[in-house]
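Working through the structure, step by step
What follows is each chain in one-letter form.
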Amino acid sequence: MEIEKAAMLIRKGELVAFPTETVYGLGANALDAKASRKIFKAKGRPADNPLIVHVADKKMLEKIAHISPAAKKLIDAFWPGPLTILFRKKSIIPSVVTAGLPNVAVRMPENRIALALIKKSGVPIAAPSANRSGRPSPTTAEHVKEDFPDIFVIDGGRTKHGLESTVVAVDGTPRVLRLGAITLERLKRVVPEISIVKSKKIESPGQKYKHYAPKVPLILFNSAEKLKRYAKKNSGMILCKEKEVKKFKNLGNRVIGLGKTDKDVARNIFNELRKHDKGTLLVLGLEKKGIGRAVMDRLERAATRII
Ligand code: TXA
Ligand code: MG
């Protein structure tokens, strides 16, 4: 019923929020320029930051994008799933969706509700994360309602990964434009030469904006020692992996465990960043490997200071 209603709204050119396996998306008909423009307005999103288009099957992809052999290899390995691939766009995709760029970013989500919604709508759905620009991405329907009280949300519970998709380009040198739920290690098993873009020229426009900011200051620490030293002299809530909680006992600070594994931390981090509206967050960073690399990317953007 909810999916039916949402599909009808999409077909009418309205916005709908829906769950994916990564975070909730704020969707509109990707073939409708006017509908897609509403996303930018609702989010307060800069017009030069393009949207990811979500498809339910290969046929839908073929209608909107030119598929290279290199891209096909990634599709076969990772779709449906949290990997967004850049394709040369076909003219059916309005330029507002790609912010005037020649490429369109597309993914096939691995979520029953998202796939059913796209199928019922009969059109690809453009959807950024369903947060107001700059806020942590939403991992529950409640988060979406906080930011957009008037938008229809399909509640699919807590999302599986809690972190956005990885964005890659495979025209020319294969490169990661945004770290995300598919790790670099997994990508390398399929495309050994792929690397993370570090150049000054920003190819994924979203990367240049301030992001994921909680309402309170966040200080990110790269060692437990540094955090301990700081917390001895300053107040603040400590956030770290569960196995590290004991290191910060007896400091007088509240200590919150973010999860057992790096994967758990990835799933919980945005939820935790949204919770606090008082004090300062003192966060112990993860090692930059596996999913920890993507978590650190988000924390570094969210941080007011890195020690
Ligand atoms: O997991 C996800 O990717 C979620 C769910 C809803 O699918 N979506 C999401 O969208 O995170 P958003 O808009 O918050 O982030 C999209 C990222 C931005 O960094 C944007 O700049 C980049 O993808 N992007 C989108 N289209 C692009 C394009 N044509 N060229 C380069 N980068 C693009
Ligand atoms: Mg976002």
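Let me sum up the structure you'll find in this document. (Residues numbered from 1 in each chain as written. Chains lettered and ligands numbered in written order. Predicted model: local features only at pLDDT ≥ 70, side-chain atom pairs only at ≥ 80, totals over all residues. Heavy atoms only, no water.)

1. Describing the packing of helix α9 (residues 262–275) against helix α10 (residues 291–302)
Taken N-terminus to C-terminus, the directions of α9 and α10 make an angle of 20 degrees; their axes are 9 Å apart at the nearest point. Here α9 lies roughly parallel to α10, going by the angle between them. Remark: the crossing between α9 and α10 carries left-handed chirality. Two secondary-structure elements touch here, α9 through D262, K263, V265, A266, I269, F270 and L273 and α10 through I291, G292, V295, R298, L299 and A302. Among the residues forming the contact of α9 with α10, the class breakdown is 9 nonpolar, 1 polar and 3 charged. (Axes fitted to C-alpha atoms, helices over the stretch in contact; angles between N-to-C directions. Helix = DSSP H or I, 4+ residues; strand = E, 2+ residues; numbered from the N terminus. Parallel < 35°, antiparallel > 145°, perpendicular 65-115°, else oblique. Left-handed = near helix turned anticlockwise from the far one by under 90°. Contact = heavy atoms within 4.5 Å. Nonpolar A, V, L, I, M, F, W, Y, C, P; charged D, E, K, R; others polar.)

2. Points about the sheet that holds strand β14 (residues 255–257)
Strand pairs in the sheet, formed through backbone hydrogen bonds, run parallel or antiparallel to each other. Taken in spatial order, the 5 strands make up an open sheet running β14-β13-β15-β12-β16, and their pairing is parallel. Here the strands that pair on one side only, and so sit at the sheet edges, are β14 and β16 (305–306). Here 2 bridges tie strand β12 (residues 218–221) to β16, and the two strands are oriented parallel to one another. Residue pairing across strands places L220 opposite I306, the latter belonging to β16. Sheet contacts for helix α8 (residues 224–233): β12, β13 (237–240), β15 (281–284) and β16; angle to β15, the most-contacted strand, approximately 160 degrees. (Pairing = 2+ DSSP bridges.)

3. Overview of the nonpolar core
Counting residues in each nonpolar core, the largest one holds 90 residues, and the members touching the most others are L74, W79, I85 and F87. If you look at the next biggest cluster of nonpolar residues, it comprises 13 residues, including A231, F248, L282 and L284. (Core = buried A, V, L, I, M, F, W, Y, C linked by side-chain atoms within 4.5 Å. Buried < 20%, exposed > 50% of the residue type's maximum accessible area, 1.4 Å probe, protein only.)

4. Here we look at the pattern of salt bridges
Scanning the entire structure with this criterion turns up 21 salt bridges. D171 is the salt-bridge partner of R175, the closest N and O atoms lying 3.2 Å from each other. Of the charged contacts, one joins E244 and K247 as a salt bridge, the two residues approaching to 3.8 Å between their closest N and O atoms. By relative accessible area, E244 is classed as buried at 14%. (Salt bridge = Lys/Arg side-chain N within 4 Å of Asp/Glu carboxyl O.)

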